[in-house]
Amino acid sequence: MNRTLYTLLFHLGLPLVFLRLLWRAWRAPAYSRRIGERFAFGLPPLRPGGIWVHAVSVGESIAAAPMVRELMARYPHLPITVTCMTPTGSERIQALFGDSVQHCYLPYDLPWTAARFLNCLQPKLAVVMETELWPNHIHQCARRGIPVALANARLSERSARGYARFARLTAPMLAELSLIAVQTEAEAERFRLLGARHECVEVTGSIKFDLAIDPALLARATDLRDQWAAQDRPLWIAASTHAGEDEIILAAHRRLLERFPQALLLLVPRHPERFISVFELACKEGFAAVRRSTGETVGAGTQVLVGDTMGELLFLYALADVAFVGGSLVPNGGHNLLEPAALGKPVLSGPHLFNFLEISAQLRDAGALREVQDADQLADAVGELWRDSAAAQRMRDAGLGVLKANQGALQRLLTGLARLLG
């Protein structure tokens, strides 16, 4: 498939795209707003001539935050525009940066929508987070002489095989990229084999290791535990959970309550459309549950707090003694393991970590990560860490050590971007 055929199929598929948008809007009403932006109509006022950063959703927005702040500090005269594709990503961008950046949805990957968007924005540089590759957007940038950098790039063997099946589409697209800043040498070689220019591929490491924790966050967490009279309560978090995981986590918590009657679980679903259903599930299972968004008091009898707010995940991690990272008990590929590690938490996960193979291997080898298969193993692991403070401290120290050993990727990336800005 080449780009012309891809574009034709995309146009033919627009009715399906629209139906999917309606379906998502039915589940999450925020999808019904700002639809025009997805076709480059009704864009907010945008100052041209700056840096455009694309972060598809929440995870990429968080990963991009340190880079965006550094770009703002280094190039205060250039407006920075951050785009995404999802309402949750949009909310996170607005929470992270407020009015200090320009923001809108990235229009769909059609030549005319990409052209309208770029004619409006006229960026000096485009930075795409991780591996969100859109052939028409990249080609329209190349036509205008706008350098495109792929930052914190990931490419698994599985994804590489998928791209290889469409080599006539992907090879020209990759050749139009000016910088591919990859996390590992193995991923660099995959990009080269798929058609990226060798001189444009650089191994910079993962900027997720350059996560800095605000001390005020830890102080706020201590204050809230004091308000809950929960400094001595065993408290754990299950974060970024997906459908099919919550039942396992609640079953583990039920077992923990048999041994630790005062135990408190912070249960944080990954997607906002699941907030209410997860709370209802906890209540249906017989737990004394409250929702974070309502401001209800967490008392001695509260067993589950459902984290149904946006932009608070780091803070909720900071509240806990032990952190389980979701998307890993079901074959979703896992989520960011480094956030709880950076907060000095022992980290647990399920076995499905194919989106974070390098990071999970480093944490596992250092003794900072334990993988569990089911509710019984999860309960045993959390309970053991509560009982054995020395083991918990070893995991904390190991996680912080892994982060320290891998930092520097952000500076290497920024050096590459500075070359492109010239």
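Residues numbered from 1 in each chain as written. Predicted model: local features only at pLDDT ≥ 70, side-chain atom pairs only at ≥ 80, totals over all residues. Heavy atoms only, no water.

Caption draft 1: Structural view of the UniProt feature "domain: 3-deoxy-D-manno-octulosonic-acid transferase N-terminal" (unreviewed entry) in the protein chain. Mapped onto the present numbering, the UniProt feature "domain: 3-deoxy-D-manno-octulosonic-acid transferase N-terminal" (unreviewed entry) falls on residues 34-210. Helix makes up 42% of residues 34-210 and strand 18%, with an end-to-end C-alpha separation of 33 Å. (UniProt positions renumbered as here; feature names shortened; annotations may be inferred. Helix = DSSP H or I, 4+ residues; strand = E, 2+ residues; numbered from the N terminus.)

Caption draft 2: Just a nonpolar patch on the surface, in detail. A cluster of nonpolar residues, Leu5, Leu8, Leu9 and Leu12, forms a patch on the protein surface that exposes about 380 Å² of accessible area. Within the secondary structure, Leu8 sits in helix α1 (residues 3-12). (Patch = residues over 30% accessible without salt bridge, like charges linked within 9 Å, V, L, I, M, F, W, Y side chains within 5 Å. Areas by Shrake-Rupley, 256 points an atom, 1.4 Å probe, with all protein chains shown as cover. Salt bridge = Lys/Arg side-chain N within 4 Å of Asp/Glu carboxyl O.)

Caption draft 3: Region of the structure containing the UniProt feature "site: Transition state stabilizer" (unreviewed entry) in the protein chain. Annotation from UniProt places "site: Transition state stabilizer" (unreviewed entry) at Glu130 and Lys208. Taken together, the annotated residues stretch across 79 residues yet fold into one region, lying no more than 11.0 Å apart by C-alpha. On the secondary structure map, Glu130 appears in the loop between β4 (125-129) and α6 (135-143). Those residues in contact with Glu130 that lie beyond four places of it in its chain are Glu60, Ala63, Leu150, Ala151, Asn152, Ala153, Arg154 and Lys208. Apart from the residues within four sequence positions on either side, Lys208 is in contact with Ala63, Glu130, Asn152, Asn336, Leu338, Phe356 and Leu403. (Contact = heavy atoms within 4.5 Å.)

Caption draft 4: Inspection of the domain arrangement of the protein chain at higher detail. Examined at the domain level, the protein chain breaks down into domain 1 (24-210 + 408-421) and domain 2 (215-406). Distance between the C-alpha centres of domain 1 and domain 2: 30 Å. Of the residues lining the interface, 17 residues belong to domain 1; the matching set on domain 2 comes to 18 residues. Across the interface of domain 1 and domain 2, roughly 1500 Å² is buried in total on both sides, 61% from carbon and sulfur atoms. (Domains from an automatic or database assignment. Buried area = accessible area lost by both parts, 1.4 Å probe.)

Caption draft 5: Highlighting the sheet that holds strand β6 (residues 179-182). Spatial ordering of the open sheet is given by β3-β2-β1-β4-β5-β6-β7, a layout of seven strands whose pairing is parallel. Unpaired on one side and paired on the other, β3 (102-105) and β7 (201-203) mark the two borders of the sheet. The sheet shows a mean angle of 20 degrees between the axes of neighbouring strands, direction not considered. Here four bridges tie β4 to strand β5 (residues 148-153), and the two strands are oriented parallel to one another. Across the sheet, the residue bridging to Ala126 is Val148, located in β5. (Pairing = 2+ DSSP bridges. Axes fitted to C-alpha atoms, helices over the stretch in contact; angles between N-to-C directions.)

Caption draft 6: Local environment of the sheet that holds strand β12 (residues 322-325). Taken together, seven strands build an open sheet; the order of strands is β10-β11-β9-β8-β12-β13-β14 and the sheet is parallel. At either end of the open sheet lies a strand with only one pairing partner, and these are β10 (289-291) and β14 (369-371). Ignoring strand direction, the axes of neighbouring strands in this sheet form an average angle of 20 degrees.

Caption draft 7: A look at the layout of surface pockets. The space that makes up the second largest pocket amounts to roughly 580 Å³. Together, 23 residues line the second largest pocket, and Arg69, Leu96, Ala212, Leu217 and Leu314 are the ones closest to its centre. Elements with a minimum of two residues in the lining of the second largest pocket: α3 (58-74), α4 (87-97), α10 (215-227) and α13 (313-319). Take the lining of the second largest pocket: its biggest share by element is five residues, from α3. Looking at side-chain class alone, the lining of the second largest pocket contains 14 nonpolar, one polar and eight charged residues. (1 Å grid on protein atoms, 1.4 Å probe; cavity = no way out; pocket = protein on both sides within 12 Å on 5 of 7 lines; lining within 4 Å. Points joined across faces, edges and corners; volume = space filled by probe spheres on them. Nonpolar A, V, L, I, M, F, W, Y, C, P; charged D, E, K, R; others polar.)

Caption draft 8: Region of interest: the pairing of β5. For β5, the tally of buried residues reaches six of six residues, placing the bulk of the element in the interior. The parallel pair β4 and β5, bridged by α6, forms a crossover whose chirality is right-handed. (Buried < 20%, exposed > 50% of the residue type's maximum accessible area, 1.4 Å probe, protein only. Right-handed = clockwise from strand over helix to strand, strands pointing away.)

Caption draft 9: Highlighting the packing of α3 against helix α18 (residues 409-421). Where α3 meets α18, the axes come as close as 11 Å, and the angle between the chain directions of the two elements is 50 degrees. Classed by the angle they form, the pair α3 and α18 counts as oblique. As for how α3 packs across α18, the hand of that crossing is right-handed. Residues Pro66, Met67, Glu70, Leu71 and Arg74 of α3 form the contact with α18, whose participating residues are Leu410, Gln411, Leu413, Leu414 and Leu417. (Parallel < 35°, antiparallel > 145°, perpendicular 65-115°, else oblique. Left-handed = near helix turned anticlockwise from the far one by under 90°.)

Caption draft 10: Representation of the side chain of Asp246 within the structure. For Asp246, the location among the structural elements is in helix α11 (residues 246-259). The contact partners of Asp246, leaving out residues within four places of it in the chain, are Thr241, Leu267, Arg274, Val278 and Leu281.

Caption draft 11: Looking closely at the nonpolar core. Counting residues in each nonpolar core, the largest one holds 41 residues, and the members touching the most others are Trp52, Phe117, Leu150, Leu177, Ile180 and Phe191. Once residues lying within four places of it in the same chain are set aside, the contact partners of Phe117 are Ala40, Leu43, Trp52, Thr83, Cys104, Leu106, Pro107 and His137. (Core = buried A, V, L, I, M, F, W, Y, C linked by side-chain atoms within 4.5 Å.)

Caption draft 12: The arrangement of the pairing of strand β9 (residues 264-269) in detail. The buried fraction of β9 amounts to six of the six residues, a majority that puts the element mostly inside the structure. What you see with β9 is no split at all: Leu264, Leu266 and Val268 on one side and Leu265, Leu267 and Pro269 on the other are buried throughout. Here six bridges tie strand β8 (residues 235-241) to β9, and the two strands are oriented parallel to one another. Bridge assignment links Ala239 to a residue of β9, and that residue is Val268.

Caption draft 13: Structural view of the side chain of Thr302. By the secondary structure assignment, Thr302 is in the loop between β10 and β11 (304-306). Polar side-chain contacts of Thr302 include one of 3.0 Å to the backbone nitrogen of Gly299. Other than its neighbours up to four places away in sequence, Thr302 contacts Arg233, Ala263, Leu264, Ala288, Val290 and Thr297. (Polar contact = N/O pair within 3.5 Å; in protein donor to acceptor, adjacent residues only side chain to side chain.)

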